[in-house]
Amino acid sequence: MKIADPIWAALNHVATVSGARKFSPISHASYPLKKRIPLSLKIFIHTTMSTDSRNYAVLLTKKDDLQIVEIPMPEPAHGEVQLQTKATGICGSDVHMWKHGQIGIFEVKNPVILGHESMGVVTKLGEGIKTLKVGDRVAIEPGIPCSACEQCLGGRYNLCPELVFKSTPPYHGVLANYITHPERWLYKLPDTISDAEAALLEPLSVAIAAVERAPARPAHSLLICGAGPIGLLVLAVSRARGVGPILITDMQPSRLAVARQLGADHVFQIDPTHSDVATAQEIRRVLGEAPEVSLECTGIESSFRTAIRATRDGGCCCLVGVGKNDQTLPVNDFAMREVDIKGLFRYHHTWPKAIRLLQTGKLDVKGLVTHQFDFKDALKAFEVAADYSKGSIKVQIVS
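Residues numbered from 1 in each chain as written. Predicted model: local features only at pLDDT ≥ 70, side-chain atom pairs only at ≥ 80, totals over all residues. Heavy atoms only, no water.

Asker: Quick question: what am I supposed to make of helix H10 (residues 301–310) here?
Answerer: Residues spaced three or four apart along an α-helix point in a common direction, a consequence of the helix completing one turn every 3.6 residues. The element H10 is largely enclosed, with a buried count of 8 among its 10 residues. Regarding H10, the residues found buried are Ser303, Phe304, Arg305, Thr306, Ala307, Ile308, Arg309 and Ala310. (Buried < 20%, exposed > 50% of the residue type's maximum accessible area, 1.4 Å probe, protein only. Helix = DSSP H or I, 4+ residues; strand = E, 2+ residues; numbered from the N terminus.)

The following block contains the structure:
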């Protein structure tokens, strides 16, 4: 069979852009296109799938077109290992790219494998591997910087202009049975951290970075906008750090109930019919003061406006969530009150901290994983993650 199919041609285009190895004609010929499972079927043909010898991935071909496809088994290059992924969380950015074809400034122009919240087991070593062996359980930091530019050498490798971040177009993600990854960006896991917890290390890293970026210090009053996975993890990290009092907002009562369990001092259900001015005033009243720090974790314009207006004069409001590229903000409100507005882009040097927080028992976040699906049911997992009525917080795909 010739490689004429546009999806596989586009995959090879992405491989060329990213510097990865291309999908080979021999491998492609071995994987008939009829084995792809379109989203509309919602059922995987079990008899065609064996994760021991074949490699399947969740591929976004374009907006609203998510498929399970069979891809070649990757071979580790020098400094890389091959991994069998065991647990991968579905991020809100994965869902957003599926439903909208983009997230923030990143647009899906070619088919891309999704997923960046993952852990796995080492199955093969490339040349030059020094710290890992076959069978090691590892967490996967999905960003791979150049390690040589000004930002990298300055310690902020998350701002590296050459950063390859898995699942951010045009780079493929880790939602496949087998992947390869540089040893440098893998972290050995202690037995005390479960697979499900290990797959939470990526969003936990975002939460740690957010709290440090503000920063939210012990005894600081804190507003968290949004009780999704990131907001709830920000809450957990802040509580472990001694921040408080803490108020967290959301529109979903079920998520606010979880926030209570995680130690929020106050929960506040957003009424979308109220103005940002009125909502900010009510938040201050419930909290008993204007928050010194506000962390906006939704990316929604109205929520960002509310967070700015609620923040104390001379305080800090940090945008953690990713929303529209262009938003209308109350500039004079924050400028004339000297409220510092900060942005956050992923994280740096957070993974060892995240692992220690879980290993020492300072954080217990297992309850945030509300749903797990076998890899064969990955498309169903995405449907649940995208449907608020299902009550999910963090949905994971396991194998």
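Asker: Whenever I open this one, the pattern of salt bridges confuses me. Can you help?
Answerer: Pairing is possible between side chains that carry opposite charge, provided their charged atoms lie close to one another. With the rule as written, the count across this model stands at 20 salt bridges. The partner of aspartate 276 in a salt bridge is arginine 309, with the nearest N and O atoms 2.5 Å apart. One end of the pair, aspartate 276, is in helix H9 (residues 276–287); the other, arginine 309, is in helix H10, with 33 residues separating them in the sequence. Judged on exposure class, the residue aspartate 276 and its partner arginine 309 are both buried. Between arginine 285 and glutamate 282 there is a salt bridge whose closest N-O contact spans 2.5 Å. Here the residue arginine 285 and the residue glutamate 282 both occupy positions in helix H9, the gap between them amounting to 3 residues, near one helical turn. Owing to a relative accessible area of 57%, arginine 285 belongs among the exposed residues under this scheme. Owing to a relative accessible area of 29%, glutamate 282 belongs among the partly exposed residues under this scheme. Salt bridges linked by common partners bring Asp276, Arg305, Arg309, Asp313, Asp333 and Arg337 together as one network. (Salt bridge = Lys/Arg side-chain N within 4 Å of Asp/Glu carboxyl O.)

Asker: For this particular structure, what's the right way to read the packing of aromatic side chains?
Answerer: Aromatic rings considered in pairs are described by the distance between their centres and by the relative angle of their planes. All chains considered together, the criterion is met by 4 aromatic pairs. For the ring pair tyrosine 187 and tryptophan 351, a centre distance of 5.9 Å and an interplane angle of 5° mean the geometry is stacked. One end of the pair, tyrosine 187, is in strand E13 (residues 186–188); the other, tryptophan 351, is in helix H12 (residues 351–359), with 164 residues separating them in the sequence. On the basis of relative accessibility, which here comes to 15%, the residue tyrosine 187 falls in the buried class. For tryptophan 351, a relative accessible area of 1% translates into the label buried. Each member of the aromatic cluster is reached from another via a ring pair, and the members are Tyr187, Tyr347 and Trp351. Against the face of tryptophan 185 rests arginine 184, its NZ or CZ located 3.9 Å from the ring centre. Above the plane of the ring of phenylalanine 165 lies arginine 346, whose end atom (NZ or CZ) is 3.7 Å from the centre. (Phe/Tyr/Trp six-rings, centres within 6.5 Å; stacked < 30°, edge-to-face > 60°. Lys NZ or Arg CZ within 6 Å of the ring centre and 35° of its normal.)

Asker: Is there a simple way to explain the side chain of histidine 172 in this structure?
Answerer: In this fold, histidine 172 is placed in the loop between strand E11 (164–165) and strand E12 (178–182). Given the relative accessible area of 17%, histidine 172 is considered buried. Among the polar contacts made by the side chain of histidine 172, one reaches the main-chain amide nitrogen of isoleucine 113 at a distance of 3.1 Å. (Polar contact = N/O pair within 3.5 Å; in protein donor to acceptor, adjacent residues only side chain to side chain.)

Asker: Could you clarify how one ought to interpret the packing of helix H6 (residues 201–213) against helix H7 (residues 229–241) in this entry?
Answerer: Two quantities define a packed helix pair, namely the angle between the helix axes and the distance between the axes. It is the contact of H6 with H7, at a shortest axis distance of 8 Å, that shows an interaxial angle of 55°. Comparing the axis directions of H6 and H7 gives the class oblique. As H6 packs across H7, the resulting crossing turns out to be right-handed. Contact with H6, carried on its side by Pro203, Leu204, Val206, Ala207, Ile208, Ala210, Val211 and Glu212, involves Ile230, Leu233, Val234, Val237, Ser238 and Arg241 of H7 and no other residues of that element. (Axes fitted to C-alpha atoms, helices over the stretch in contact; angles between N-to-C directions. Parallel < 35°, antiparallel > 145°, perpendicular 65-115°, else oblique. Left-handed = near helix turned anticlockwise from the far one by under 90°. Contact = heavy atoms within 4.5 Å.)

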